[in-house]
Structure formats: C-alpha cells, structure tokens
Amino acid sequence: MRSHEGQFSDNRPIRRSPQEKRRLIAELKETLAGIKPHASPTLRTTLMARIKELEAELASETR
C-alpha cells in the first residue's frame, strides 16, 4: 500500500521537541538500567548509542 504525501509512513525522521527528547532520554536510561545481565550486548550498545545521539542533539539545540 502506498502512502500519501505528508503521512507518518513517509520515510522521514520524527521531529521531537527538546522536552520530548529529555523524556525519551530518561526512558532509555531507565530501560538500560533495568536490562538483565544476560541480555544481548548489542542491545546495550544500541541503547547507549541512541542516548548519546539524543544528548548530542539536545546540546546542539541549546547552543
């Protein structure tokens, strides 16, 4: 099924406000802290990378 112009299904990044980014960072950190020791190392790496990416976006917005 094809998407129409402007739909969320278009291949575009989601635009988030700084408050939403802060909330998402907090949620990701909570998830990272709650991961069991036997969880996949790749999952940990992915979560840490996403947290760093969001923190970098926030830092560039506040400059």
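Cut-off values and rules
- Residues numbered from 1 in each chain as written.
- Predicted model: local features only at pLDDT ≥ 70, side-chain atom pairs only at ≥ 80, totals over all residues.
- Heavy atoms only, no water.
- Core = buried A, V, L, I, M, F, W, Y, C linked by side-chain atoms within 4.5 Å.
- Buried < 20%, exposed > 50% of the residue type's maximum accessible area, 1.4 Å probe, protein only.
- Helix = DSSP H or I, 4+ residues; strand = E, 2+ residues; numbered from the N terminus.
- Contact = heavy atoms within 4.5 Å.
- Axes fitted to C-alpha atoms, helices over the stretch in contact; angles between N-to-C directions.
- Parallel < 35°, antiparallel > 145°, perpendicular 65-115°, else oblique.
- Left-handed = near helix turned anticlockwise from the far one by under 90°.
- Nonpolar A, V, L, I, M, F, W, Y, C, P; charged D, E, K, R; others polar.
- Expected span 1.5 Å × (residues − 1).
- Arc of directions from axis to C-beta.
- Polar contact = N/O pair within 3.5 Å; in protein donor to acceptor, adjacent residues only side chain to side chain.

Engineer: Is there a simple way to explain the nonpolar core in this structure?
Structural biologist: As a rule of thumb, soluble globular proteins bury nonpolar side chains together. Residues Leu24, Ile25, Leu28, Leu32, Ile35, Leu47, Ile51, Leu54 and Leu58 constitute the largest nonpolar core, which totals nine residues. Breaking this core down by element, the ones donating at least two residues are helix 1 (18–34) and helix 2 (41–62). Contact partners of isoleucine 51, with chain neighbours within four places excluded, come to Ile25, Leu28, Lys29 and Leu32.

Engineer: It is not clear to me how the packing of helix 1 against helix 2 should be interpreted in this structure. Could you clarify?
Structural biologist: The relative placement of two packed helices comes down to the angle between their axes together with the axis-to-axis distance. Between helix 1 and helix 2, whose axes approach to 10 Å, the crossing angle comes to 155 degrees. Judged by the inter-axis angle, helix 1 sits roughly antiparallel to helix 2. As for how helix 1 packs across helix 2, the hand of that crossing is left-handed. Two secondary-structure elements touch here, helix 1 through Pro18, Lys21, Arg22, Leu24, Ile25, Leu28, Lys29, Thr31 and Leu32 and helix 2 through Arg44, Leu47, Met48, Arg50, Ile51, Leu54, Glu55, Glu57, Leu58 and Glu61. Residue classes in the contact of helix 1 with helix 2 are distributed as ten nonpolar, one polar and eight charged.

Engineer: Teacher, can you tell me more about helix 2 here?
Structural biologist: Count 3.6 residues to each turn of an α-helix, and residues three or four apart come out pointing the same way. If you check helix 2, its first and last C-alpha atoms are 32 Å apart, about what 22 residues at 1.5 Å a residue would give, namely 32 Å. For helix 2, the set of buried residues is Leu47, Ile51, Leu54 and Leu58. Seen end-on, helix 2 carries its buried residues on one side only, within an arc spanning 65 degrees. The exposed set on the far side of helix 2, more than 90 degrees from its buried face, consists of Pro41, Thr42, Lys52 and Ser60. Packed against the buried residues of helix 2 are helix 1. Among the residues of helix 2, the N-terminal cap falls to serine 40, whose side-chain oxygen and the backbone nitrogen of threonine 42 are separated by 3.2 Å.

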